[in-house]
Amino acid sequence: MSLTAGIVGLPNVGKSTLFNAITKKNILAANYPFATIDPNVGVVTVPDKRLEVLENMVLPEKVVPTCFEFTDIAGLVKGASKGEGLGNKFLSHIREVDAICEVVRCFDDANITHVEGSTDPIRDIEIINLELIFSDMEVIENRIGKIEKKAISTKDKEALFEVNLLKRIKSALEENIPARRLEYSEDEEKILKAFNLLTKKPIIYMANVSENDIVNGNNYVKLVEDYATKENAKVVMLCAKTESELSELEEEDKKMFLEDLGIKESGLDKLIKATYSLLGLATYFTAGPKEVKAWTFKKGMKAPECAGIIHSDFEKGFIKAEVISFNDYKELGGEKGAREAGKMRLEGKEYIMQDGDICLFRFNV
């Protein structure tokens, strides 16, 4: 499944350093605004210890983890919605992603210029959120302007429904409330899909701290956490510089480095998992002697749709799925043990796939 999380933030907050670590790419990370001119896309693998278990049990020829995309988007500045800095070009790049990861500077460093002149994470968050609000406001006002008069004169129910919805969102935006904080009916969600509103996208705040604060955080992080609770958003604390160093190490050296730092998991692994969860994603597996592979699906998808992720023919000709839950597979020694214990289930077209299911799809085209 092609899903993308966009990394945004003011210039010089550590976005590009973090993106380098995520993808192990050497894009330009410089101490001046707009070092990133075009959005850079990197594919990341999703850390999943279940794959290691399956590999040791099945001994396949290869193991393929699941993955999704991060996009590094150039630094926004105050007035971007009015064309300041690199302007609306970058707001349009954000419009194309499924979720927003906002890097917030939570460290002091006289050697790294802050575009606003000082460290103030809440001010920085609000600058970006305000630019996203302004951009959405323009989209909504344009649409209301196009359909409102006709909707009122013709008394078209669908058009009036849309106008009322857009006015409700406009009122919220005028109060600096992002669209994601409002609740919507199923019909309203269908209408909003076409607008791709920036402030409706789910968000994670990444608190970028110094190496000294990587274990316990600091007051800046607490401010971000308090702010995030207002919209049920997650905060992932990390040190972009440390993550960059970790990305250069082999797996064993990485584990030792993390132990020395006093942390169990890298910030990037936490970010990837949090973003995966934020997008409502889960993982099922296929396991055989040639390949053990993880597949990404949207929570709530039925078995035929999930089969279609592998190949469209699997969905078209879907007959049934042979399914074993991961825990049963692990505890009973694999497919043979699960089958003998009656833990392999035959599931039909209405089965809703569960995270950790190990599947074999039967189909006929």
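Rules used in this analysis
Residues numbered from 1 in each chain as written. Predicted model: local features only at pLDDT ≥ 70, side-chain atom pairs only at ≥ 80, totals over all residues. Heavy atoms only, no water. Helix = DSSP H or I, 4+ residues; strand = E, 2+ residues; numbered from the N terminus. Buried < 20%, exposed > 50% of the residue type's maximum accessible area, 1.4 Å probe, protein only. Contact = heavy atoms within 4.5 Å. Areas by Shrake-Rupley, 256 points an atom, 1.4 Å probe, with all protein chains shown as cover. Axes fitted to C-alpha atoms, helices over the stretch in contact; angles between N-to-C directions. Parallel < 35°, antiparallel > 145°, perpendicular 65-115°, else oblique. Left-handed = near helix turned anticlockwise from the far one by under 90°. Nonpolar A, V, L, I, M, F, W, Y, C, P; charged D, E, K, R; others polar. Pairing = 2+ DSSP bridges. 1 Å grid on protein atoms, 1.4 Å probe; cavity = no way out; pocket = protein on both sides within 12 Å on 5 of 7 lines; lining within 4 Å. Points joined across faces, edges and corners; volume = space filled by probe spheres on them. Expected span 1.5 Å × (residues − 1). Salt bridge = Lys/Arg side-chain N within 4 Å of Asp/Glu carboxyl O. Polar contact = N/O pair within 3.5 Å; in protein donor to acceptor, adjacent residues only side chain to side chain. Arc of directions from axis to C-beta.

## Re the overall build of the protein chain
Then, in step 1: Within the protein chain one finds 14 helices and 12 strands.
Then, in step 2: Looking at the protein chain residue by residue over its 365 residues, the buried ones come to 48%.
Then, in step 3: Counting only contacts in the protein chain whose residues sit at least 6 apart along the sequence, the fraction spanning at least 24 positions is 69%.
Then, in step 4: Carbon and sulfur atoms make up 48% of the accessible area of the protein chain, which amounts to about 18500 Å² in all.

## Some words on the packing of helix H4 (residues 121-154) against helix H5 (residues 157-174)
Then, in step 1: For the pair H4 and H5, the least separation of the axes is 9 Å and the interaxial angle reads 150°. The angle between H4 and H5 places the two elements in the roughly antiparallel class. Where H4 crosses over H5, the handedness of that crossing is left-handed. For the pair H4 and H5, the contacting residues are Ile133, Asp136, Met137, Ile140, Glu141, Arg143, Ile144, Ile147, Glu148, Ala151 and Ile152 in the first and Ala159, Leu160, Glu162, Val163, Leu166, Lys167, Ile169, Lys170, Leu173 and Glu174 in the second.
Then, in step 2: When its residues are assigned to classes, the contact of H4 with H5 shows 13 nonpolar, no polar and 8 charged.

## Here we look at the sheet that holds strand S2 (residues 40-45)
Then, in step 1: Taking strand neighbours across the sheet as the criterion, the 6 strands line up as S2-S4-S1-S5-S6-S7 in an open arrangement whose pairing is mixed. On the outer flanks of this sheet lie S2 and strand S7 (234-238), each paired with one strand and no other. Averaged over all neighbouring strand pairs, the angle between strand axes comes to 25°, with direction disregarded.
Then, in step 2: When strand S1 (residues 4-8) meets strand S4 (residues 67-72), the two strands line up parallel, connected through 4 bridges. What sits directly across from glycine 6, in S4, is threonine 71.
Then, in step 3: H4 contacts strand S5 (99-105) and strand S6 (203-208) of the sheet and is inclined by roughly 145° relative to S5.

## Brief notes about the layout of surface pockets
Then, in step 1: Estimated volume of the largest pocket: approximately 1100 Å³.
Then, in step 2: Every residue lining the largest pocket is counted, 32 residues in all, and those nearest its centre are Thr45, Pro47, Glu251, Lys254 and Asp269.
Then, in step 3: Listing elements by their share of the lining of the largest pocket, those giving two or more residues are helix H1 (15-23), S2, helix H2 (49-58), helix H8 (240-246), helix H9 (251-261) and helix H10 (267-278).
Then, in step 4: Split into classes, the residues belonging to the lining of the largest pocket amount to 14 nonpolar, 4 polar and 14 charged.

## Details of the environment of glycine 6
Then, in step 1: Here glycine 6 is to be found in strand S1.
Then, in step 2: Residue classification places glycine 6 among the buried residues on the basis of a relative accessible area of 1%.
Then, in step 3: When neighbours within four sequence positions are excluded, glycine 6 is seen to be in contact with Thr71, Ile73, Val97, Ala99, Ile100 and Cys101.

## Re H10
Then, in step 1: Spanning 12 residues, H10 covers 16 Å between terminal C-alpha atoms, matching the ideal 16 Å at 1.5 Å per step.
Then, in step 2: For H10, the set of buried residues is Gly267, Leu268, Asp269, Leu271, Ile272, Ala274, Thr275 and Tyr276.
Then, in step 3: Looking one or two places after H10, you find glycine 280, whose phi comes out positive at around 70°.

## A look at unusual backbone geometry
Then, in step 1: The residue lysine 155 is not glycine, and still its phi comes out positive at about 55°.
Then, in step 2: Following the sequence through the fold, lysine 155 ends up in the loop between H4 and H5.
Then, in step 3: You can call lysine 155 exposed: its relative accessible area is 65%.
Then, in step 4: Here the phi dihedral of asparagine 232 falls at roughly 50°; this positive angle occurs in a residue that is not glycine.
Then, in step 5: With respect to the helices and strands, asparagine 232 occurs in the loop between helix H7 (219-229) and S7.
Then, in step 6: Relative accessible area serves as the criterion here: at 73%, asparagine 232 is assigned to the exposed category.

## Concerning the pattern of salt bridges
Then, in step 1: Tallied over the entire structure, the rule returns 20 salt bridges.
Then, in step 2: Here aspartate 355 ties to arginine 50 by a salt bridge, and the two come within 3.0 Å at their closest N and O atoms. With aspartate 355 in the loop between strand S11 (345-347) and strand S12 (358-363) and arginine 50 in helix H2, the pair connects residues that are 305 residues apart, well separated along the chain.
Then, in step 3: Assessed through its relative accessible area of 45%, aspartate 355 is described here as partly exposed.
Then, in step 4: Looking at arginine 50, the relative accessible area reads 18%, which means it is buried.
Then, in step 5: Connected through salt bridges with shared partners, the residues Asp48, Arg50 and Asp355 form a single ionic network.

## Quick word on the environment of lysine 302
Then, in step 1: The residue lysine 302 is located in the loop between strand S9 (291-298) and helix H11 (303-310) in this model.
Then, in step 2: Between the C-alpha atom of lysine 302 and that of lysine 349, which follows or precedes it by 47 residues, the distance is 6.8 Å.
Then, in step 3: Of the polar contacts made by the side chain of lysine 302, one reaches the side chain of glutamate 350; its length is 2.5 Å.

## Quick notes on H2
Then, in step 1: Of the positions making up H2, those classed as buried are Arg50, Leu51 and Leu54. Mapping the buried residues of H2 onto a view down its axis gives an arc of 100°, with all of them on the same face. Away from its buried face by more than 90 degrees, H2 exposes Lys49 and Asn56.
Then, in step 2: Looking at the buried positions of H2, the neighbouring elements they touch are strand S3 (62-64), strand S8 (281-287), S9, helix H13 (326-331) and S12.
Then, in step 3: Phi turns positive one or two residues past the end of H2, at leucine 59, with a value near 55°.

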